[in-house]
Amino acid sequence: MRITIKPTIVWDFHSLLLGIQMMFSFMLTDDTKPLRLCKHCTKVFVASRPSNQFCSPECKNRYNVYKSRKKNKPDGEAQNED
Ligand SMILES: [Zn+2]
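A short tour of the structure in this document, coming up.

How each quantity is defined
- Here, residues in each chain are numbered from 1, in the same order as that chain's written sequence.
- Local features in this predicted model are restricted to residues of pLDDT 70 or higher, and side-chain atom pairs are both shown and tallied only at a pLDDT of 80 or more, whereas totals for entire chains, interfaces and linings draw on every residue.
- The side-chain values count all of the structure's non-hydrogen atoms but skip hydrogen atoms and water molecules.
- The donor set covers N, O and S atoms within 2.8 Å of the metal, switching to 3.2 Å for Na, K and Ca, and it leaves out water, so a site may look short of donors.
- Sites are called tetrahedral only when four donors show all angles between 85 and 135 degrees, square planar or octahedral only when four or six donors show opposite pairs over 155 degrees and all other angles between 65 and 115, and irregular in any remaining case.
- Under the DSSP-based scheme used, a helix requires at least four consecutive residues in state H or I and a strand at least two consecutive residues in state E, with every element numbered from the N terminus.
- With a 1.4 Å probe rolled over the protein chains alone, any residue whose accessible area is under 20% of its type maximum counts as buried; one over 50% counts as exposed, and the rest are partly exposed.

Take the coordination of the zinc ion next. The zinc ion binds to the protein through Cys38 (SG), Cys41 (SG), Cys55 (SG) and Cys59 (SG), with metal-donor distances spanning 2.3 Å. Each of the four donor atoms bound to the zinc ion contributes to angles spanning 103 to 114°, and the resulting shape is tetrahedral. Read in sequence order, the donor residues coordinating the zinc ion give the pattern C-x2-C-x13-C-x3-C. One end of the pair, Cys41, is in the loop between strand E1 (35-37) and strand E2 (44-46); the other, Cys55, is in the loop between E2 and helix H2 (57-72), and 14 residues separate them in sequence. Given the relative accessible area of 30%, Cys41 is considered partly exposed.

The next subject is unusual backbone geometry. Positioned with a positive phi, Thr42 is a non-glycine residue whose angle comes to about 60°. Summarising the element assignment, Thr42 is placed in the loop between E1 and E2. Exposure remark for Thr42: the relative accessible area of 32% places this residue in the partly exposed category.

Here you go:
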(Lines give C-alpha, C1' and ligand atoms only; values in the text may rest on other atoms or scores of the structure.)
Protein backbone atom coordinates (compact mmCIF):
# COMPACT_ATOMS: atom_id res chain seq x y z
CA MET A 1 0.00 0.00 0.00
CA ARG A 2 1.33 3.33 -0.97
CA ILE A 3 0.21 6.69 0.28
CA THR A 4 1.19 9.73 -1.63
CA ILE A 5 1.18 12.94 0.31
CA LYS A 6 1.21 16.02 -1.78
CA PRO A 7 2.94 18.91 -0.11
CA THR A 8 0.74 21.93 0.12
CA ILE A 9 1.88 25.48 0.44
CA VAL A 10 -0.19 27.88 2.47
CA TRP A 11 0.30 31.48 1.59
CA ASP A 12 -0.65 34.12 4.07
CA PHE A 13 -1.53 37.02 1.85
CA HIS A 14 -2.52 40.39 3.19
CA SER A 15 -4.89 40.81 0.29
CA LEU A 16 -6.08 39.19 -2.88
CA LEU A 17 -4.07 41.72 -4.84
CA LEU A 18 -0.88 40.50 -3.21
CA GLY A 19 -1.78 36.95 -4.15
CA ILE A 20 -2.31 37.94 -7.75
CA GLN A 21 0.96 39.83 -7.76
CA MET A 22 2.69 36.75 -6.43
CA MET A 23 1.16 34.54 -9.10
CA PHE A 24 2.26 36.86 -11.86
CA SER A 25 5.69 36.99 -10.32
CA PHE A 26 5.94 33.22 -10.41
CA MET A 27 5.12 33.28 -14.09
CA LEU A 28 7.88 35.78 -14.75
CA THR A 29 10.66 34.23 -12.71
CA ASP A 30 12.34 30.89 -12.24
CA ASP A 31 13.76 28.91 -9.35
CA THR A 32 17.06 30.69 -9.37
CA LYS A 33 15.43 33.97 -8.46
CA PRO A 34 13.92 33.90 -4.99
CA LEU A 35 10.80 35.97 -4.59
CA ARG A 36 10.35 38.09 -1.53
CA LEU A 37 7.85 40.46 -0.04
CA CYS A 38 9.40 43.81 0.68
CA LYS A 39 9.54 44.34 4.44
CA HIS A 40 8.59 47.98 4.01
CA CYS A 41 6.02 48.28 1.22
CA THR A 42 5.06 44.53 1.07
CA LYS A 43 5.48 44.49 -2.69
CA VAL A 44 6.71 41.31 -4.33
CA PHE A 45 10.22 41.59 -5.69
CA VAL A 46 12.98 39.34 -6.95
CA ALA A 47 15.80 39.13 -4.47
CA SER A 48 19.17 39.16 -6.16
CA ARG A 49 20.59 37.93 -2.88
CA PRO A 50 18.89 35.64 -0.35
CA SER A 51 19.50 38.21 2.37
CA ASN A 52 17.57 40.92 0.55
CA GLN A 53 14.52 42.02 2.50
CA PHE A 54 13.58 45.14 0.60
CA CYS A 55 12.57 45.81 -2.99
CA SER A 56 14.82 48.85 -3.21
CA PRO A 57 17.44 50.80 -1.25
CA GLU A 58 14.79 53.49 -0.74
CA CYS A 59 12.52 51.03 1.08
CA LYS A 60 15.41 49.84 3.20
CA ASN A 61 16.23 53.41 4.16
CA ARG A 62 12.64 54.28 4.96
CA TYR A 63 12.13 51.14 6.99
CA ASN A 64 15.21 51.87 9.06
CA VAL A 65 14.11 55.47 9.57
CA TYR A 66 10.70 54.39 10.88
CA LYS A 67 12.31 51.80 13.10
CA SER A 68 14.71 54.27 14.68
CA ARG A 69 11.90 56.82 15.10
CA LYS A 70 9.83 54.29 17.01
CA LYS A 71 12.81 53.43 19.15
CA ASN A 72 13.42 57.09 20.00
CA LYS A 73 9.77 57.79 20.78
CA PRO A 74 8.19 54.67 22.26
CA ASP A 75 5.07 56.49 23.47
CA GLY A 76 5.24 59.59 21.34
CA GLU A 77 2.43 60.84 19.20
CA ALA A 78 2.08 59.56 15.65
CA GLN A 79 4.54 61.10 13.26
CA ASN A 80 3.51 62.37 9.88
CA GLU A 81 4.24 59.29 7.81
CA ASP A 82 3.76 59.36 4.11
ZN1 LIG B 1 9.58 48.10 -0.98
